[in-house]
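# Architecture and fold: a report
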Amino acid sequence: MNSRIIGEQVVRAWAVAKKDIRIYYYKPPVLISGILMPVFLYLAFLMGSKPVPMSFLISGLLGMTLFFTSTAVSPVVFPWEGQAKTLERLVSCPIAPEAIILGDMIASSVFGIAVTVVALIIGLMLGASVLNWVVLICAILLGALCFSAIGILLSVPPTAIPQNIMLLSTLVKFPLIFISGIFMPVDQLPPLGQTLALISPLTYFTDVVRISYTGGGSFPIGFDLGMLLAFTVILILASVVLHKKTMPLRI
Amino acid sequence: MSDAILVKDLTKHFGSITAVDQISFSVKKGEIFGFLGPNGAGKTTTTRMITGIIKPDAGEIQILGYNMVTAPLLAKQKCGVVPETSNAYPDLTAWQNLMFMGEIFGLPDAYARRQSETLLRAFELTEHAGRKVQSFSKGMKQRLVLAMALLHEPELLFLDEPTSGLDVSSSRLILSMLREMNKRGVTIFLTTHNMDEANNLCHQVGIIRSGKLIAIDSPEKLKNTIDRLHQVEVSFEQEISEDLLRIMPGIIQISHIGDKWKISGENKDALIRSLVRLSEREGLTIISLHTLAPTLDDVFLQLTGGQYS
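Parameters and conventions
Per chain, residue numbering runs from 1 following the sequence as it is written. For naming, the first written chain is A and the first written ligand is 1, with later ones following in the order written. Local features in this predicted model are restricted to residues whose pLDDT is 70 or higher, and side-chain atom pairs enter the listing and the counts only when it is 80 or higher, whereas totals over whole chains, interfaces and linings include all residues. To get the side-chain values, take all heavy atoms of the structure and skip hydrogens and water. When DSSP finds two or more bridges between two strands, those strands count as paired. Helix and strand assignments come from DSSP, with helices taken as H or I runs of at least 4 residues and strands as E runs of at least 2, each series counted from the N terminus. Here an axis means a line fitted to C-alpha atoms, over the contact stretch when the element is a helix, while the angle between two N-to-C directions is reported on a 0 to 180 degree scale. The contact criterion used throughout is that any non-hydrogen atoms of two residues lie within 4.5 Å. Defined in terms of a 1.4 Å probe, buried area is the accessible area two parts forfeit on being brought together, summed over both. The salt bridge criterion pairs a side-chain nitrogen of Lys or Arg with a carboxyl oxygen of Asp or Glu, the two atoms within 4 Å. Pairing of N or O atoms within 3.5 Å defines a polar contact, subject to two protein rules: one partner must be a possible hydrogen donor and the other a possible acceptor, and residues neighboring in sequence count only if both atoms are side-chain atoms. Note on classification: 1.4 Å probe, protein chains only; a residue is buried when its accessible area is under 20% of the maximum for its type, exposed when over 50%, partly exposed between these limits.

### Here's the deal with the sheet that holds strand 3 (residues 32-36) of chain B
All names here are of chain B. Taken in spatial order, the 6 strands of this open sheet run 6-7-8-3-9-10, and their pairing is mixed. Whereas interior strands pair on both sides, the edge strands pair on one side only; in this sheet they are strand 6 (79-82) and strand 10 (212-217). Neighbour-to-neighbour, the strand axes of the sheet open up by a mean angle of 15 degrees, direction not taken into account. Sitting on the sheet, helix 11 (residues 296-303) is in contact with strand 3, strand 9 (204-209) and strand 10, with an inclination near 30 degrees to strand 9.

### Observations concerning the interface of chain A and chain B
Facing 26 residues of chain A, the contacting portion of chain B comprises 24 residues. Taken over both partners, the interface formed by chain A and chain B buries close to 2400 Å², and the fraction arising from carbon and sulfur atoms is 64%. Looking only at chain A, the three residues that lose the most surface to chain B are Arg89, Ser92 and Pro94 of chain A, adding up to 28% of its buried area. Counting across the interface, chain A meets chain B through 3 salt bridges. A salt bridge links aspartate 91 of chain B to lysine 27 of chain A, with the nearest nitrogen and oxygen atoms 3.6 Å apart. Summed over the shared surface of chain A and chain B, the result is 9 residue pairs in polar contact (both at pLDDT 80 or more). Elements represented by at least two residues in the side of chain A that touches chain B include exactly helix 1 (3-25) and helix 5 (86-91) of chain A.

### A short note on the side chain of serine 70 of chain A
Residue and element names in this part refer to chain A. Tracing the sequence through the fold places serine 70 in helix 3 (residues 54-70). For serine 70, the side chain forms a polar contact with the main-chain oxygen of leucine 66, separated by 2.8 Å. Residue contacts for serine 70: discarding those within four places in its chain leaves Ser108, Gly112, Ala144, Phe147 and Ser148.

### Describing the sheet that holds strand 4 (residues 58-63) of chain B
Residues and elements named next belong to chain B. Strand order in the open sheet formed by 4 strands is 2-1-4-5, with antiparallel pairing between adjacent strands. Sheet topology places strand 2 (17-28) and strand 5 (66-67) at the edges, where each strand pairs with a single neighbour. As judged from the 2 bridges shared by strand 4 and strand 5, these two strands associate in the antiparallel manner. Bridging from a neighbouring strand, isoleucine 63 pairs with tyrosine 66 of strand 5. Docked against the sheet, helix 1 (residues 43-50) engages strand 1 (3-14), strand 2 and strand 4, running at close to 120 degrees with respect to strand 1.

### Let's talk about the pattern of salt bridges
The final tally for this structure, using the stated rule, is 17 salt bridges over all chains. In this structure, the salt-bridge partner of lysine 78 of chain B is glutamate 155 of chain B, at a minimum N-O distance of 3.2 Å. Remark: glutamate 155 of chain B occurs in the loop between helix 5 (138-150) and strand 7 (156-160) and lysine 78 of chain B occurs in the loop between helix 2 (72-77) and strand 6; sequence separation between them is 77 residues. Classification of lysine 78 of chain B by relative accessible area gives partly exposed; the value is 26%. What emerges from the salt-bridge pattern is a single network uniting Arg4, Glu8 and Arg12 of chain A.

Next comes the structure, spelled out in C-alpha cells:
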C-alpha cells in the first residue's frame, strides 16, 4: 500500500468512526449511562466507610471510567453488523479490514475520552487538582486507544449473537479491575497480584494517572506510557490478524 | 470489447465440500450477464468471491483489469454491489446512508450530495431522504440499496435477486434503471431466479450446478440447444382422456393444465398432423392450437436436472 492509499484508508476509517458514533454511541440511553457511570462511581467510593484521599481515588475512578466506556460497545459492533448484514456491505466496498477496525477503535476511543472528561471535571469540582496535565492527557489518549483495542479484540469470535460477546467481555474485564492497582497501589498487592498486575494495561494507566495527580507511582512515567503503547500496538496487530481470519465467517 | 470480469479456475472449499469447482468465464464490458442456478449450486459463493467479500482457495479474478485478490481496493472502487437482502444501515436515514457511501468511496462532498439528490429523485425517494431506513418498505430499501451502489457511478454492477419479493412498481423501476444504466455502458452481473428477467435483460447467461458452470451462452442460443424438444399446446371443446393422446406416434410428454393439453414430441409437424387426424377421427373440435418455443425455464430445468431454485 502506498502513502496515498494509506491516507485514503485513514479518511475512510474516520467515516466508519462517524457512522459508529451516530449508530451506536450518539443515543440517549448510551449518553445518559455514560454520564451517570462516573457519577455513581464517585458516589460509591466517597460514601464508603474507609476514607480515601481524593488524589488517590481519582486515578482508580478515571481508570475504571475509561476502561469500562472504551470497552462497552466496541466488542459488539462486529456481531451487530454481521447480524444486520451491514458488514457485508462494508467488505464489498473499497475499505481495508484494517481501516474498518481502526474506525471502530476511533469511535470507541472518542466515547471513552468524552465520558472520562466528565469524570475528570467531577474530580476537579471535588478538589482533585492535576499536577501534570501533559502526562494525564497522554495517558487518557493512549489508554482510550488501548482499551478500545481490547474491546475490538474481544469481538473476534465470529458470532452474530452480541450477548455471547458481552458474556466473554464481562469475564475478561472484571478480573482486570481487581489486578490493576485500582483499589490499592500495585506495590501493596500480594506477590501473585503484583505479578498479574504486570499483564494488565489498566495497571499502567492507573499508575500514570496517579503520578499525574500525586507525583508518585509504582513505575516511572516513561515505563507506564511505554507499556501502554506496547499493549496498544500488540492488541491492534492481534485484532487485525484475527479479525481478517474471522471476518469471512461472519458474512 | 475487453473483459469486465475474467474468472479462471475459480475454486472454493468449505471443509470437505467443494462449493465452487474450477469455474471459468468472462463477461464483456457493456454486457448484462445473468448468473443462474438452483439453491446451493454455488451462485452466492461465486458472486462473493468475484466481489471480493470472500477469498477463493484457487483461481484468478480480474475485475476491469484489476486482480480482486491482490488489488481488492482498486477492483472494488470500480464496482457497485446490490445484495439480495437490503444492507443499508437501518439506524441511519436514507441521506446519511448515501453520504456514508460517498465517504467510503472517497467522493468529494459536493459531488456526493449532487449524486445523492439525483439518485433519490430517480428512485422516487426524495421525500423519504430524512427518514430512518428501518421504517422503509422492502421496495424502498431495495431502491435505496441500488442508489447506494450507483452513487460512485460504477463501471460494473453486481445484483443479487434485485427484484425478488418486490411490488410491481418497484420491480419495474429497478429493471428500467438497469436497462438505462446498461445503455450508458455499465456492465451488469445479475444473479437471478427469475427466468423472464434473465431472458429479457441478459446478453449472456451462465448456469451453475453443483459448483460447476454447466452452460454459458446467449439466452436464444441456450434455448436452441434444447430445440429438439417441440411442444404444442392444444385445447378441445370436448373432454378427452390422456390415453387418447398417448396413442399418437412420437409423443415424449403430455401434461394437462386447466383446459389445455401441453404435448411434447420429437417433430412439431408430425405432432400437429397427428392432432388434426385424431380430432377428425374422434369427432373432436379444436378450440386452440399453439406451437411453443422452449423457454429459458426449460433450458434451466433440463440443464439442472429438474432442480428449480
